[in-house]
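An overview of the molecular structure
The primary structure of each chain is shown beneath.
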Amino acid sequence: MVGPSSAAEDVLDTIDTLTDALGSAGPELARALAAVAAATDVARRLLGIDVDGQEPEQPSAAPPLSALRRPPRRRGLGPGFQGIRTGA
C-alpha cells in the first residue's frame, strides 16, 4: 500500500520533471519556473521528505496550516428562496 508521504513525493517528483521539461524551452521560462522548484523543495521539507540528500528538518511544534485557517462562513439563501426567475 502506498502511504501519503510516498504519494506526495511522487507528485512533487512529477512537478519537478514537468518544470525541468518546460524550463528547457528557454532561459526566461526557466527563470520564471525557478520559484516552482523552490516551492517543491519547501513542500518536501514540510512533509519530512529528503531534499537532494539532505536530512529532513524535524517538524516544529507549530500547528498545521489547516488549523490556522477558519472555514469560510456559509450563507444560506433563506427559507423563502423560490429560485431565480428568467425572462422565459
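Residues numbered from 1 in each chain as written. Predicted model: local features only at pLDDT ≥ 70, side-chain atom pairs only at ≥ 80, totals over all residues. Heavy atoms only, no water.

Quick look at the overall build of the protein chain now. Each helix and strand in the protein chain was counted, giving three helices and zero strands. Its helices and strands taken in sequence order, the protein chain reads α-α-α from the N to the C terminus. Burial statistics for the protein chain: of 88 residues in total, 11% are counted as buried. Within the protein chain, contacts between residues separated by at least 24 positions form 43% of all contacts whose residues are at least 6 apart in sequence. If you sum the accessible surface of the protein chain, you get close to 7,800 Å²; carbon and sulfur atoms cover 58% of it. (Helix = DSSP H or I, 4+ residues; strand = E, 2+ residues; numbered from the N terminus. Buried < 20%, exposed > 50% of the residue type's maximum accessible area, 1.4 Å probe, protein only. Contact = heavy atoms within 4.5 Å. Areas by Shrake-Rupley, 256 points an atom, 1.4 Å probe, with all protein chains shown as cover.)

This paragraph deals with the confidence of the model for the protein chain. Mean pLDDT over the protein chain stands at 76; residues scoring 70 or higher make up 66%. Highest mean pLDDT in the protein chain belongs to helix α2 (residues 27–47) (89); lowest belongs to helix α3 (residues 65–68) (56). (pLDDT = per-residue confidence, 0-100.)

Taken as a whole and assessed by the stated rule, the structure comprises two salt bridges. Among the charged side chains, a salt-bridge network with shared partners connects Asp13, Asp16 and Arg44. (Salt bridge = Lys/Arg side-chain N within 4 Å of Asp/Glu carboxyl O.)

Okay, a nonpolar patch on the surface next. A cluster of nonpolar side chains, contributed by Val11, Ile15 and Val36, occupies part of the molecular surface with about 200 Å² of accessible area. Relative to the helices and strands, Val11 resides in helix α1 (residues 4–23). Here Val11 falls in the partly exposed class, since its relative accessible area comes to 49%. (Patch = residues over 30% accessible without salt bridge, like charges linked within 9 Å, V, L, I, M, F, W, Y side chains within 5 Å.)

Position of Ile49 relative to the elements: it lies in the loop between α2 and α3. In this structure Ile49 comes out as buried when scored by relative accessible area, which is 5%. When the C-alpha positions of Ile49 and Glu9 are compared, they lie 7.2 Å apart, and in sequence the two are 40 residues distant.

Glancing now at the environment of Ala38. Here Ala38 shows up in helix α2. Exposure remark for Ala38: the relative accessible area of 41% places this residue in the partly exposed category. Between the alpha carbons of Ala38 and Asp16 there is a distance of 9.8 Å; along the sequence they are 22 residues apart.

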